[in-house]
Structures are given as C-alpha cells and as structure tokens.
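Structural features, examined
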Amino acid sequence: MRPPEIMFRAALRLSFSGARSLTRSRPQYTAPLAARCYSHGKQETDEEFDARWITYFSKPDIDAWELRKGMNTLIGYDLVPEPKILDAALRACRRLNDLASAIRILEAVKDKAGPHKEIYPYVVQELRPTLSELGIPTPEELGIDKA
C-alpha cells in the first residue's frame with residue numbers, strides 16, 4: 001500500500017468510529033431551572049424619574065449627541081414622556097438651535113402615543129406655551145404629519 005491510501009483508510013476508519021460514538025445513547029442530563037435574581041434595591045418613583053430626565057435635558061452644556069441619545073433612551077421606555085420632560089428637551093433643542101430635533105421629538109411623542117389618540121393633543125396643549133415661547137411649530141402646523 002502506498003502512504004496516501006493508508007492515510008485515507010485511517011481517516012475513513014476514524015470517521016466511522018466517530019459516527020458510531022455519536023449514535024450511542026447517552027444519559028440525558030437536564031440543568032436545574034435557574035431562578036431569576038432581581039434587584040431588591042430602591043425602586044425609582046415617577047417623580048424621581050421625571051426629575052432625572054429634566055435634570056439631564058437641562059444641562060447647560062448638553063450637546064446634540066447627548067440630546068439624541070437621551071431622547072432615544074426615553075422613547076425606548078414603555079411610556080409617553082411627561083410634558084415637563086418634553087419641555088426640558090425642547091428647551092435643550094432651542095439652546096442648540098436644533099429645530100429638526102425639536103420637531104422630531106414631537107413626531108416621536110405622537111408615534112409613541114400609538115392608538116391612544118387623546119394623548120398627543122393633551123401633550124401639545126400642555127406644551128403650547130413653551131412651543132410659542134421658543135418658536136417651535138408642530139408637525140401639523142408644518143404640514144408634515146400627512147405621510
């Protein structure tokens with residue numbers, strides 16, 4: 001026999017023995033169910049949550065990236081932000097002279113309200129003095145709400 005044939009037979013023999021070992025029955029072990037370990041720390045109240053976000057958006061040195069990051073995080077929660085949080089975010093937009101972000105915030109709130117049609121008009125009603133003071137039009141006033 002030539003060496004390549006020997007090597008081929010050896011490899012073939014190993015693959016067959018490996019396949020047989022896979023088909024042998026092995027005892028099945030199951031892992032115990034893991035219990036979730038939730039934090040027993042202090043839960044944040046609604047007022048503390050609102051204050052945290054108002055403080056975040058009220059930072060005098062907030063930049064555009066921080067504004068977008070904060071809004072993306074806030075919109076990611078399972079809630080529609082309170083008007084007082086949105087007020088702080090809109091004022092941050094004004095400090096940055098970023099009208100596009102201000103309008104995008106209003107669009108995100110409208111989208112976040114989903115099928116609850118009464119939420120968005122309430123938020124706009126509560127924000128109307130701020131919107132007027134800062135000169136921020138709503139998407140409806142700009143005509144960009146119809147897509």
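Higher on the page you've got the structure.
A brief look at the structure comes next. Per chain, residue numbering runs from 1 following the sequence as it is written. Selection of residues for local features in this predicted model requires a pLDDT of at least 70, selection of side-chain atom pairs for listing and counting requires 80 or more, and totals for whole chains, interfaces and linings are taken over all residues. Just so you know, side-chain values use all the structure's heavy atoms and leave hydrogens and water out.

**A look at the layout of surface pockets**
Any space left empty among the atoms is revealed by the rolling of a water-sized probe across them. Definition in use: Cavities and pockets are found on a 1 Å grid laid over the protein atoms alone: a cavity is a set of points where a 1.4 Å probe fits but cannot escape, a pocket is an open set with protein on both sides within 12 Å along at least five of seven lines, and a lining residue has an atom within 4 Å of such a point. Grid points are joined across faces, edges and corners, and a volume is the space filled by probe spheres set on the points. Helix and strand assignments come from DSSP, with helices taken as H or I runs of at least 4 residues and strands as E runs of at least 2, each series counted from the N terminus.
The calculated volume of the largest pocket comes to roughly 160 Å³. Lining the largest pocket we find Leu-67, Arg-68, Met-71, Asn-72, Ile-75, Ser-101, Arg-104, Ile-105 and Ala-108. Among the secondary structure elements, those contributing two or more residues to the lining of the largest pocket are helix H3 (64-76) and helix H5 (99-113). When residues of the lining of the largest pocket are assigned to their parent elements, the largest contribution, five residues, is made by H3.

**Some words on the packing of aromatic side chains**
Stated formally: In this analysis, rings of Phe, Tyr and Trp, with Trp reduced to its six-membered ring, are considered paired at centre separations within 6.5 Å, and the interplanar angle assigns stacked below 30 degrees, edge-to-face beyond 60, and tilted for intermediate values.
All told, the structure shown has six aromatic pairs when counted by the stated rule. Ring pairs connect the aromatic residues Phe-49, Trp-53, Tyr-56, Phe-57 and Tyr-77, which therefore count as one cluster.

**A word on helix H2 (residues 46-57)**
Put simply, the rule is: Between the first and last residue of a helix there are one fewer steps than residues, each counted as 1.5 Å, and that sum is the expected span. Each residue's exposure class comes from its accessible area (1.4 Å probe, protein chains only) as a fraction of the maximum for that residue type: buried when under 20%, exposed when over 50%, partly exposed otherwise. Think of it as the arc spanned by the lines of direction from the helix axis to the C-beta atoms. Whether two residues touch is decided by their heavy atoms; if any such pair falls within 4.5 Å, the residues are in contact.
Its twelve residues give H2 an end-to-end C-alpha distance of 17 Å, which sits within 8% of 16 Å, the value for a rise of 1.5 Å per residue. Along H2, the residues that are buried comprise Phe-49, Asp-50, Trp-53 and Phe-57. Mapping the buried residues of H2 onto a view down its axis gives an arc of 95°, with all of them on the same face. The exposed residues of H2 that point more than 90 degrees off its buried face are Glu-47 and Thr-55. The inward-facing, buried residues of H2 abut H3 and helix H4 (83-95).

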